Structure formats: C-alpha cells, structure tokens
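Fold and geometry: a report
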Amino acid sequence: MIELPEATVIARQMSDELKGKTIESSIRGSSPHKFAFYTRSPEEYEAILKGKTMGLSKEHGSLILASVGPDHVLVFGGGGERILFHRSKDTLPQKHQLLLHFQDDTYLTVTVQGWGSVQLFHQSEIAAHPYVGKKAPSPLSDAFTFECLQGLFGSLEEEDKRSIKYFVISEPGILGVGNGYLQDILFRAKIHPRKRSIDITETEKRALYKAIRTTLKQAAESGGRDTERDLYNNPGRYQRILDSKKVDQPCPECGTPIEKIQYLGGASYFCPDCQKSP
Ligand SMILES: [Zn+2]
C-alpha cells in the first residue's frame, strides 16, 4: 500500500522521468478489476490523454497527482497501485489498469493490487474533491508543526471514545499515514493503539509528533518501505520496526515479545510493555 513516503518517492521519480513526454495513446482498464477506481469511461480517458504532454507530479498524502497537459490531473495512490516506468515494451506487465504509451516509445503502467485508484480529473474538479482537495499540511513538511497536531486533538469532542489508531489513520487523520507506518509511529511514541485519543497526555502528544516526523522522514529518505516498489520496480530500504514478522520476537527496546491484535480493519503490532494497555 502506498503511503506518504512511497508517494513522495514515486512522484519525484515521475517528475524527473516523465515531464515533457507526450502521450501517443493510452489504454484504461484493459484487465477488469472490481476495486480499481476510475472517474471516466475508457473512451474519455483515451480522448483526453492523447497528444497531451506530461507535467510535474507531486504527492498529496498517499496520493500521486500527475499533471497532464494544461488542464488535467491523473491521480494514483492510496492503495495497492504498482506504478512502473518502462524503457521499452519488453517489460510491460500482462495486466494493467492504465497504460500510457509515450511518443518516444517508453511507457507508464499502473497495475492495481487489492484496490486502488487510477483517476482522471479536470483541474477544476480537484478543489471540491473530499480527499484529493483536502487542505492539510504534509506531515513531511515544516508546515506540519506540533501546534498543527495539537489542533487536531483540540477538535475532538469530550465524549469521543475513538482510539489513537483511528485518529492517525482515519479521522481527523495524519495526511498520508496508513496502517503500514502507524505501527512504528505508535511504537516510537510508546502509545498503545487502543488508547483513546482524548486520554493522550501532553507528553505523549509531543512523543507522537516526534515519532510521526522521524518515521516518515526516515522512510522517505530510504526510498519507502522494503515491501514496496518505486517507479523502476526497486524495493525501498526502510525496514519496519514492527510488522507481521516481528510477532513473538523480542521488542528491540525491552525484550518483551511483540504482540498482534486485529483491530480497525488491519493488524496492529505492539510491545505490551513499552506501549501499556489503556
Ligand atoms: Zn518493549
């Protein structure tokens, strides 16, 4: 699953590699996929994209926004999209949800694993989009200050029973952080995933802020997680502290065996000693 560090890496590579390339032709949804999300018919994609020149790409949370021609934006990311560049047709995957054939006979393919988006918007549609248009500072940028995080906690109702896991990956949400990076963030902050957000102390908020910054920065600088791929099909170098392979293994801090719970639509891994149960 693409999260902010992976989106950052792929967007930068797409900018460097694709900017200025003109689309000769495109194919949308050649392989049927129930959970690939599009915004227009295959014919519309073809008609809009043909002859357009690629502009810059940028990340927005876990999404990658690639500008196409003067007025359009392709949006990938947030799910299990594999976005790959090809110097020739020899490496094209059999299945793909989007193929762009550039005039210089290079290609971009997007293949959705699990679920994912391959959406095409007119610029004017972006601002109104609930997620793509969401205004929030990237937690990788210096605009994301401790006060920003405090503000999110300040928006909680007193009787809110929801957990810190929900807070980080759903509502209000830290832009671009999903279940993949959540584990290391909460481990570094020494907070149990089930702890209620309204019970998070001032000290824990500071620790959480630091953990968000450290984890995402390290990951982006390492090219993303080692379980994910970049534009050239290379894995990242960020090895997670906590993931499925660490269950029952000793905690790197205290040696207590790492535990796993199924919680809020995804596994949570934690050290029962460093991250005390609420
Ligand atoms: Zn521990």
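Here, every reference points to the structure presented above.
Residues numbered from 1 in each chain as written. Predicted model: local features only at pLDDT ≥ 70, side-chain atom pairs only at ≥ 80, totals over all residues. Heavy atoms only, no water.

Further remarks concern the pairing of strand 6 (residues 81–86). Consecutive side chains of a regular strand alternate in pointing toward one face of the sheet and then the other. Burial within strand 6 is extensive, with 5 of its 6 residues counted as buried. Pairing between strand 6 and strand 8 (residues 107–112): 6 bridges, direction antiparallel. The residue of strand 8 that forms the bridge with His86 is Tyr107. (Buried < 20%, exposed > 50% of the residue type's maximum accessible area, 1.4 Å probe, protein only. Helix = DSSP H or I, 4+ residues; strand = E, 2+ residues; numbered from the N terminus. Pairing = 2+ DSSP bridges.)

Between its terminal C-alpha atoms helix 1 (residues 4–18) stretches 20 Å, which fits the 21 Å expected from 15 residues at 1.5 Å a residue. Within helix 1, 13 of the 15 residues are buried, which leaves it mostly tucked inside the rest of the structure. Where helix 1 terminates, the next one or two residues include Gly20, which has phi positive at roughly 95 degrees. (Expected span 1.5 Å × (residues − 1).)

With that settled, consider the environment of Val110. For Val110, the location among the structural elements is in strand 8. Spatially, the C-alpha atoms of Val110 and Tyr131 are 20 Å apart, while their sequence positions differ by 21 residues.

At a closest axis distance of 8 Å, the pairing of helix 1 and helix 7 (residues 202–221) adopts a crossing angle of 35 degrees. Handedness of the helix 1/helix 7 crossing: right-handed. For the pair helix 1 and helix 7, contact is made by Leu4, Pro5 and Val9 and by Leu216, Ala219 and Ala220, respectively. Its residues placed into classes, the contact of helix 1 with helix 7 shows 6 nonpolar, no polar and no charged. (Axes fitted to C-alpha atoms, helices over the stretch in contact; angles between N-to-C directions. Left-handed = near helix turned anticlockwise from the far one by under 90°. Contact = heavy atoms within 4.5 Å. Nonpolar A, V, L, I, M, F, W, Y, C, P; charged D, E, K, R; others polar.)

Time to look at the pattern of salt bridges. Summed over all chains, the structure comprises 13 salt bridges. As a salt-bridge pair, Arg225 and Glu6 come within 3.0 Å of each other at their nearest N and O atoms. Of this pair, Arg225 sits in the loop between helix 7 and strand 10 (259–262) while Glu6 sits in helix 1, and the two are 219 residues apart along the sequence. The residues Arg225 and Glu6 share a single accessibility class, namely buried. The residue Arg206 makes a salt bridge to Glu202 at a minimum N-O spacing of 3.9 Å. Placement of the pair is Arg206 and Glu202 together in helix 7, with a separation of 4 residues, close to one helical turn. Its relative accessible area of 48% is what places Arg206 among the partly exposed residues. (Salt bridge = Lys/Arg side-chain N within 4 Å of Asp/Glu carboxyl O.)

Here the focus is the sheet that holds strand 5 (residues 72–77). Taken in spatial order, the 5 strands line up as 2-9-5-4-3 in an open sheet, and their pairing is mixed. Strands with a single pairing partner mark the edges of an open sheet, and in this sheet they are strand 2 (36–37) and strand 3 (54–60). Against the sheet, helix 1 engages strand 3, strand 4 (63–68) and strand 5, with an angle of about 170 degrees to strand 3. Running at roughly 55 degrees to strand 9 (residues 116–122), helix 2 (residues 42–49) makes contact with strand 4, strand 5 and strand 9 of the sheet.

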